[in-house]
Amino acid sequence: MSFLDAREHGSKPGSGFVSSQQEAVDRRERLRRLALETIDLSKDPYFMRNHLGQYECRLCLTLHTNEGNYLAHTQGKRHQQNLAKRAARDAAEQPVAPAPQRRVAIKKTVRIGRPGYRVTKQFDADLGARGLLFQIEYPEIEEGTKPRHRVMSSYEQRKEPWSKEWQYLLFAAEPYEVIGFKIPSLEVDKHPEKLFTHWDPDNKVYSLQLPFKPPAAPGRPGLPAVPPPQQQLAPPPRF
Ligand SMILES: [Zn+2]
């Protein structure tokens, strides 16, 4: 309790403490409602409600107890600076011929955070081929839905500078956040026995085996190629 509060509590009943506190609450509430009426939080890409019922700013990674507090944060210096930085970076990353902006309908899903995941590196010694096995856990997946995945090329994504070395693998399932993995730009072996997905509805685990074609060994057919491709996994960027 602050000094001011302690003093106020020591005051006689009827001295105005209750009503002035009530006035402050009313004023805050009025401002909050006004902000909620004038600002549509569902259109704010950085506003997120987490599974604990708290609000998060995805831009600044800050936590807020209510919408009013979040809105106050969006008017603050830190958020404004981050917005400016993001805008500058987006402008710098804009491809030479920008793809037409498509308006995507915003689904009213309350996101509950990222799913758990496991990535296993695989190696086919006979072929000299590498692969990755992704297992994503979706224990709270929306009833009657299945997870999806897709590969996104480097120039399609807007989070990192373009590089032909990398592509991105995205997994989505409501109400989870979409997660993306940065994977090497190797050709995928689409043989159905090698490339497959599996959704286990009992354990709620989505698996994707992603095999890469073995790198070509120029002039020496039949021999497995060395060195192996570089494989690094970055923590999933937020999409
Ligand atoms: Zn912020």
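Looking at an unreviewed UniProt entry, one finds the protein chain named Matrin-type domain-containing protein and attributed to Chlorella vulgaris. According to UniProt, the comment filed for the protein chain under the heading Sequence similarities (unreviewed entry) is "Belongs to the SF3A2 family." Taken from UniProt, the Subcellular location (unreviewed entry) comment for the protein chain reads in full: "Nucleus".

### With respect to the overall build of the protein chain
Broken down by element type, the protein chain carries 4 helices and 10 strands. Counting from the amino terminus, the protein chain carries its helices and strands in the arrangement α-α-β-β-β-α-α-β-β-β-β-β-β-β. When each of the 239 residues of the protein chain is scored for burial, the buried share is 13%. A separation threshold of at least 6 residues defines the contact pool for the protein chain, and within that pool the share at least 24 residues apart is 51%.

### Notes on the nonpolar core
Leu132, Phe134, Ile136, Tyr138, Phe171 and Tyr206 are the most contacted members of the largest nonpolar core, which has 13 residues in total. Where this core is concerned, the elements lending two or more residues are β5 (129-137), β7 (166-172), β8 (179-184) and β10 (205-211). When sequence neighbours within four positions are dropped, the list of residues in contact with Ile136 reads Pro115, Tyr117, Pro147, Phe171, Val205 and Tyr206.

### What about the sheet that holds strand β1 (residues 47-49)?
Overall, antiparallel pairing links the 3 strands, which are arranged β1-β2-β3 in an open sheet. The open sheet terminates on both sides in strands that have one partner only, identified here as β1 and β3 (62-64). In this sheet, adjacent strand axes meet at a mean angle of 30° when their direction is disregarded.

### Quick notes on the pairing of strand β4 (residues 116-124)
The side chains of a regular strand alternate, residue by residue, between the two faces of the sheet. Here β4 pairs with β5 via 9 bridges, running antiparallel. Residue pairing in the sheet places Lys121 in a bridge with Leu132 of β5. In textbook terms, the turn of a hairpin is the stretch between consecutive antiparallel strands, and for β4 and β5 this stretch comprises 4 residues, one of which, Gly128, has a positive phi near 70°.

### Observations regarding the environment of Tyr70
Positionally, Tyr70 belongs in helix α3 (residues 67-74). A count of 25 C-beta atoms within 10 Å places Tyr70 in the buried class. A C-alpha to C-alpha distance of 9.8 Å links Tyr70 and Met48, two positions 22 residues apart in sequence. Setting aside anything within four residues of it in sequence, one finds Tyr70 in contact with Phe47, Tyr55, Cys57 and His64.

### Some remarks on the sheet that holds β8
Pairing in this open sheet of 3 strands is antiparallel, and the strands run β6-β7-β8 from one edge to the other. The two strands at the open ends of the sheet, each matched to only one other strand, are β6 (148-153) and β8. Averaged over neighbouring strand pairs, the angle between their axes works out to 25° when direction is ignored. With 6 bridges connecting them, β7 and β8 associate as antiparallel partners. Looking across to β8, one finds that Trp166 is bridged to Pro184.

### Thoughts on helix α4 (residues 77-93)
For α4, with 17 residues, the first-to-last C-alpha span of 24 Å sits near the 24 Å given by 1.5 Å per residue. In terms of burial, α4 is largely open, as just 0 of its 17 residues are buried.

### Structural notes on the confidence of the model for the protein chain
Averaged over all residues, the pLDDT of the protein chain equals 77, while 72% of them reach at least 70. Here residues 1-16 is a poorly scored stretch, pLDDT under 50, and it has 3 contacts once near neighbours within four places are set aside; other chains count. Across residues 219-223, where pLDDT falls below 50, the model places 1 contact with residues more than four positions away in sequence or in other chains.

### As for α3
Within α3, burial applies to Tyr70, Leu71 and Thr74. Each buried residue of α3 sits inside an arc of 100° when the element is viewed along its axis, so together they form one side.

### Examining the pairing of β5
Examined bridge by bridge, β5 and β10 share 7 bridges and lie antiparallel to one another. For Leu133, the partnering residue across the bridge sits in β10 and is Gln209.

Conventions adopted
Residues numbered from 1 in each chain as written. Predicted model: local features only at pLDDT ≥ 70, side-chain atom pairs only at ≥ 80, totals over all residues. UniProt positions renumbered as here; feature names shortened; annotations may be inferred. Helix = DSSP H or I, 4+ residues; strand = E, 2+ residues; numbered from the N terminus. Buried ≥ 20, exposed ≤ 12 C-beta atoms within 10 Å, placed from the backbone. Contact = placed C-beta atoms within 7 Å. Core = buried A, V, L, I, M, F, W, Y, C linked by C-beta atoms within 7 Å. Pairing = 2+ DSSP bridges. Axes fitted to C-alpha atoms, helices over the stretch in contact; angles between N-to-C directions. Expected span 1.5 Å × (residues − 1). pLDDT = per-residue confidence, 0-100. Arc of directions from axis to C-beta.

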